[in-house]
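Close look at the chain arrangement
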Amino acid sequence: MSCDVGLYGLAVMGQNFALNMAEHGFTVAVCNRSPGKVDDTVERAKGEGNLPLLGFKDPKDFVQALKRPRRIVILVQAGKPVDDTIAHLSGFLEAGDLIVDGGNEWFPNSQRRAELLRPKGILFMGMGISGGEEGARKGPSLMPGGEPGAYELMEPIITKCAAQVDDGPCTFNIGPVGSGNYVKMVHNGIEYGDMQMIAETYDLLKQLGGLTNAELATTFTSWNETELASFLIEITGIIFTKADDQGAPGELVDYILDKTGMKGTGRWTIQEAAERNSPACVMAAALDARYISARKDERVAAEAILKGPTDPTPAVDKAAFVADVRAALFCSKVVSYAQGMNLIRSAGQELGWPIDLAECARIWKGGCIIRAAFLDDIKKAFQQNPALPNLLVDPYFSSMLNSRTAAWRRVVQLAVVSGIAAPAISAALAYFDSYRRGSLPANLTQAQRDFFGGHSYQRTDRDGVFHCEWTSAHKAIGNIAERT
Ligand code: 6PG
């Protein structure tokens, strides 16, 4: 009964998070299904400064080594392995103990697990962890959502182990079970969007601007000193400098197959956005781009059949084009984060989670994959006005967008004319152009719905619900089959 916290599941994330907790002075008990990893972790703890970490090969001994109420973080593969681990460990637990699942999990699974454990008085928390291997070891962004009392049990540990930024640790009590998983899921959707938009800028700068890898490296590195400053921009700059590691001439990036893999959290975000009637076109474009990339053989075959523009590619002024692309990327990012924030809010309203959006932006400022300087401005926007309907209409962001739309349009126009797909950046601009218009062509869609289905419509000039007899127009059209 001497350890402060337990960690079960010693793959990369588990090992590193266990060492992180130990480094912050907590005595950590570790356990794993295959015992070899227990020895590895104990060795690492010794090697990294004799950290207070004890290894256990028997789950019962592991549980019994913990101070009560017990706190156990599990980091095993999402889905069935989590269920199996909970079933196994909960046999040794008592009322008041807490299990924290730190994996990328589909939020209803966390809700189901919490319900299962509730009759036994065992608390449950789903906690998204972002930052990969390095984040887990040195300070990740932690997104916890748990049963009442669960956060208080974890707070002393997670506020110390999370990344620290100027306004505190990158964690807060997001809300009930499922809400932490949800915020992490949206984080990953935004991650997909950011990565796709950066890939599009790379394509445009290379194909239209003619930038070499060295110039791309300089461009992204210099962008990291601007309003685009972020982890993903920083690593992109580094990627372009990396020489091939197999001895081929040039940079490694040029030898990597253009097929994107994924574990699926981005897909969940889009499923959820549809469920909540919440526009998420940037993340959806990013997801589609991954699906299209996976169809390499089809694309290679189609290349010989389908034609691009026949007009010559317009010449561009390199420096001016780089500046335009930078503006287009920034504007598109704002749209994507606005959509992500709105999705969190919609889900929160429907599921009874009053999630603090300013705090979500704050805890993404450090540790996580989408960490970016402009998250501080997003935090301020929601702090100033928690009911802000959309980040786009915040005074700071609207002025940033309005001063960059000309550049954004030039980039999308050039991409279209040149036949270079920029689906996420174009979708972001289309969203901006829809959102900023007081009237849209949806009146016609409503007329059609009423015409063929009697679905009714509202009018702009009087209250009420209307249905029109469109029959005479219908007769005028006649039978399409007869006319053709
Ligand atoms: C993080 C990441 C991480 C995710 C990978 C891979 O926040 O540290 O989001 O959780 O698993 O980025 O995601 P895909 O395989 O779906 O691209």
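What counts and how
Per-chain numbering applies: the sequence of each chain, read as written, is numbered from 1 onward. Since the coordinates come from a predicted model, pLDDT governs what is reported: local features require at least 70, and pairs of side-chain atoms require 80 or more to be given and counted, while whole-chain, interface and lining totals use all residues. By convention here, the C-beta atom is placed from the backbone, and a residue is near a molecule or strand when that atom is within 6 Å of it. Going along the chain from the N terminus, every DSSP run of H or I of four or more residues is numbered as a helix, and every run of E of two or more is numbered as a strand. All amino acids are sorted into three groups, where Ala, Val, Leu, Ile, Met, Phe, Trp, Tyr, Cys and Pro are nonpolar, Asp, Glu, Lys and Arg are charged, and the leftover types, Gly among them, are polar. Each domain's extent was defined by an automatic or database domain assignment. Neighbour counting defines burial: a residue surrounded by 20 or more other C-beta atoms within 10 Å of its own C-beta is buried, one with 12 or fewer is exposed, and intermediate counts give partly exposed, using backbone-placed C-beta atoms. A strand pair is defined by DSSP finding two or more bridges across the two strands. A crossover counts as right-handed when, viewed with the strands pointing away from the observer, the path leading from the first strand over the helix to the second turns clockwise. Under this scheme, a helix contributes an axis fitted over its contacting stretch, all axes are lines through C-alpha atoms, and angles between N-to-C directions fall in the 0 to 180 degree range. Here, residue contact means that the backbone-derived C-beta atoms of the two residues sit within 7 Å.

1. With respect to the site of the ligand
- As a structural note, the neighbourhood of the ligand is formed by 13 residues, with Ser-130, Asn-188, Met-262, Lys-263 and Ile-369 the closest of them.
- Listing elements by their share of the shell around the ligand, those giving two or more residues are helix 8 (179-207) and helix 11 (265-275).
- By residue class, the composition of the shell around the ligand is 3 nonpolar, 8 polar and 2 charged.
- Each of domain 1 (5-177) and domain 2 (184-435) contributes no fewer than three residues to the shell around the ligand.

2. Looking at the pairing of strand 2 (residues 28-31)
- Both faces of strand 2 are covered, namely the face carrying Val-28 and Val-30 and the face carrying Ala-29 and Cys-31.
- Bridge count for strand 1 (residues 5-8) against strand 2 is 4 bridges, and the pairing is parallel. Residue pairing across strands places Leu-7 opposite Val-30, the latter belonging to strand 2.
- Handedness of the β-α-β unit built from strand 1, helix 1 (residues 12-23) and strand 2 comes out right-handed.
- For strand 2 and strand 3 (residues 53-56), the ladder comprises 4 bridges, and the chain directions are parallel. Paired with Val-30 across the strands is Gly-55, a residue of strand 3.
- For the handedness criterion, the β-α-β arrangement of strand 2, helix 2 (residues 36-47) and strand 3 is classed as right-handed.

3. A few points about the environment of Pro-312
- Relative to the helices and strands, Pro-312 resides in the loop between helix 13 (296-303) and helix 14 (318-351).
- Between the alpha carbons of Pro-312 and Ser-418 there is a distance of 8.0 Å; along the sequence they are 106 residues apart.

4. Some points on the sheet that holds strand 2
- Pairing is mixed in the open sheet, where 7 strands are placed in the order 3-2-1-4-5-6-7. The strands lining the two open edges of the sheet, one partner per strand, are strand 3 and strand 7 (141-146). The sheet shows a mean angle of 25° between the axes of neighbouring strands, taken without regard to direction.
- Pairing of strand 6 (residues 123-130) with strand 7 involves 6 bridges; the strand directions are antiparallel. Its bridge partner being in strand 7, Gly-128 is matched across the sheet by Met-143.
- Running over the sheet, helix 7 (residues 150-161) touches strand 1, strand 4 (71-74), strand 5 (98-101), strand 6 and strand 7 and is turned about 165° from strand 7.

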